[in-house]
Amino acid sequence: MRDINSLKADIEHQLTQPLEKISVVSLVDLFVGYAYGARASDIHIEPTETALRVRFRIDGLLHDIFEKIKIKKDLHPEIISRIKVLAGLRTDEHLAPQDGRFRVKVEGMGNFDVRVSIMPTYYGENAILRILAETQSFTLDTLGFVAKDLERVQAAIRKTYGMILANGPTGSGKTTTLYTILKQLNRPEVSIITIEDPIEYSLEGTTQIQVNNETGLTFANGLRSILRQDPNIVMVGEIRDQETAGIAVNAALTGHLVLSTLHTNDAATTFPRLTDMGVPPFLVASTVNIAMAQRLVRTICEGCKTERVLAKEELKSLGEIIPDVETTSKTVFYIGQGCAACNQTGYQGRIGVREVLDVNDEIRQLIMNRANAAQIKDTAIKNGMITMIHDGLQKALKGITTIEEVLRIIHE
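In this convention, every chain numbers its residues from 1, walking through the sequence in written order. Note on the predicted model: pLDDT of at least 70 is required for a residue's local features to be given, and 80 or more for side-chain atom pairs to be given and counted; whole-chain, interface and lining totals, by contrast, use all residues. Excluded from the side-chain calculations are hydrogens and water; all other atoms, namely the structure's heavy atoms, are used.

Visitor: Give a detailed account of the overall build of the chain, specifying residues and quantitative values.
Guide: Helix and strand counts for the chain come out as 14 helices and 16 strands. It is over C-alpha atoms that the radius of gyration is taken, and the globule rule equals 2.2 Å times the number of residues to the power 0.38. Its C-alpha atoms give the chain a radius of gyration of 23 Å, within 12% of the compact-globule value 22 Å for 412 residues. Viewed in the frame of its principal axes, the chain has a C-alpha envelope of about 70 × 60 × 40 Å. Any residue under 20% of the maximum accessible area for its type is buried, any over 50% is exposed, and the rest in between are partly exposed; the area is computed with a 1.4 Å probe on protein chains only. Counting the 412 residues in the chain, one finds 52% classified as buried. Once local pairs closer than 6 in sequence are excluded, the contacts in the chain between residues at least 24 apart make up 64%. All accessible-area figures derive from a Shrake-Rupley calculation using a 1.4 Å probe, and residue coverage is judged against the displayed protein chains alone. Of the roughly 19,400 Å² of accessible surface on the chain, a fraction of 49% belongs to carbon and sulfur atoms. In DSSP terms, a helix is any run of H or I states spanning at least four residues, a strand is any run of E spanning at least two, and both are numbered starting from the N terminus. Contact criterion: two residues are considered in contact whenever any of their non-hydrogen atoms come within 4.5 Å of each other.

Below is the structure:
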């Protein structure tokens, strides 16, 4: 694999050349290669009034790596055209949004997929490139589950029916979690069909369907057709509406294992959200096996990790945000000082902080009684659920992340 510093130097060399000497083909390849090498999830190519801005989302935050170089605005249409050609989009369309994807081969790095979104803006077309790194390296053991939660998830995926829901905002790793589960369930004797918008990862041995609203292939219509295909396991990219929710719940009730995502802030809100969508409470109670909520926090760079002792005042303030923290005798946390390996950020990589709500008889009764999310959450905690904020605190105490990062990501 090419050194990231040499990739950066090559990009800077290209950008400082006269316009006629710049190879746009090479430049786009270098941007993608640098993003992959820097573990960036996205490249943002944004025109301004006088220049072009290129930023990389690394560990959840945008970095303007080439801010010291004023990228020529004249390069913008050339770069956008190159991206459109790679993604098979219309190069003569500049006033409508376009979406596509392409597979790129980067020297010394192999092949990987890039998802493209083009959007017209006041100063020209924005291009967002999502780097779709394969999930081959992920297993449930490496996703950040605590031992008790991992046991709950493993027990839920051994069932042949019911629903497994992963919840959280956009970019919290829900799809990666579900694909990691699918990878474990992917055996020759089972049929797995997914319907997604868009398809994030390619998983050999499964049937994957892309939503296409223009042809009427919505989540709801696609899900109806999928159930006629005799699957054992179904993954629905997202439950967005009443129709999809109803079909997914009925599929789980009739002997299918259904995996899906919801946009909720925590695990307990899953159940009121489904009933608000019009799913009868008794169906929600009898089909949902577990609801998982998650966020991604940055992990401390091992190259510059150092201890940080909290003062009494800081510990008291922390106790006001996180109940029971004052009973923690350990006041030593950790922080990254910043070094060349982490680009002076103090962080390198991300890990999930999670809560896993196992639906037992007590929770089912609350759901059928239309209890609110707070009541369900309190009961789940009494039954041993570890909340996201406490999972984050434990990871901070172990030196995996910082307490500041946990509080930045999880607002309660």
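Visitor: I'd like a rundown of the nonpolar core, residues and numbers included.
Guide: If you look at the biggest cluster of nonpolar residues, it comprises 58 residues, and the most contacted ones within it are Met 163, Phe 271, Leu 357 and Ile 376. Residue contacts for Ile 376: discarding those within four places in its chain leaves Ala 268, Phe 271, Pro 272, Leu 357, Ile 363, Leu 366, Ile 367 and Ala 371. Of all hydrophobic cores here, the second largest spans 39 residues; its members include Leu 27, Ala 38, Ile 71 and Ile 83. By nonpolar core is meant a set of buried Ala, Val, Leu, Ile, Met, Phe, Trp, Tyr and Cys residues that side-chain atoms within 4.5 Å join together.

Visitor: Any chance you could break down helix H12 (residues 373-382) for me, citing the residues and the numbers?
Guide: All buried positions along H12 are accounted for by Ala 373, Ile 376, Lys 377, Thr 379 and Ala 380. All buried residues of H12 project into a common sector of 165° when viewed along the axis, lining one side. Turning to H12, the residues buried within the fold contact helix H8 (270-276), strand E16 (347-358) and helix H11 (361-368). Downstream of H12 by one or two residues, Gly 384 has phi in the positive range, about 105°. Picture the helix axis, draw a direction to every C-beta atom, and the arc is the one those directions span.

Visitor: Got a sec to walk through the domain arrangement of the chain? Specific residues and values, please.
Guide: Reports often express the size of an interface as the amount of accessible area lost when the parts come together. Structurally, the chain comprises domain 1 (4-133) and domain 2 (140-295 + 352-387). The domain boundaries here were taken from an automatic or database domain assignment. Just the C-alpha atoms count here: the centres of domain 1 and domain 2 sit 34 Å apart. Surface buried jointly by domain 1 and domain 2 totals about 410 Å² across both partners, of which 39% is contributed by carbon and sulfur atoms. For salt bridges, the criterion is a side-chain nitrogen of Lys or Arg within 4 Å of an Asp or Glu carboxyl oxygen. Our count for the domain 1 to domain 2 interface comes out at 0 salt bridges. Residues adjacent in sequence count toward polar contacts only when both atoms are side-chain atoms; beyond that, a polar contact is any pair of N or O atoms within 3.5 Å, and within protein one must be able to donate a hydrogen and the other to accept it. Taken together, the links from domain 1 to domain 2 amount to 1 residue pair in polar contact (both at pLDDT 80 or more). Per-class residue counts for the side of domain 1 that touches domain 2 are 2 nonpolar, no polar and 3 charged. The term buried area means the drop in 1.4 Å probe accessible area that two parts suffer when joined, counted for both and summed. Three classes are used: nonpolar for Ala, Val, Leu, Ile, Met, Phe, Trp, Tyr, Cys and Pro, charged for Asp, Glu, Lys and Arg, and polar for all others, with Gly counted as polar.

Visitor: So what's going on with the sheet that holds strand E12 (residues 257-262)? Residues and values would help.
Guide: Two strands are said to pair when DSSP picks up at least two bridges between them. One open sheet holds the 7 strands; their spatial order is E10-E9-E11-E12-E8-E13-E16, and the pairing between them is mixed. Strands at the two margins of the open sheet, each flanked by one partner only, are strand E10 (207-210) and E16. The average angle at which neighbouring strand axes cross in this sheet is 20°, direction not considered. Inspection of the sheet shows strand E13 (residues 288-300) paired to E16 by 10 bridges, in the antiparallel sense. Paired with Arg 295 across the bridge in E16 is Val 353. Angles shown run from 0 to 180 degrees and are taken between the N-to-C directions of axes, each axis being a line fitted to C-alpha atoms and, for helices, limited to the stretch in contact. Contacting strand E8 (162-167), strand E11 (233-236) and E12, helix H7 (residues 242-253) crosses the sheet at an angle of about 135° to E8. Lying over the sheet, helix H13 (residues 388-397) contacts E13 and E16, oriented at roughly 140° with respect to E16.

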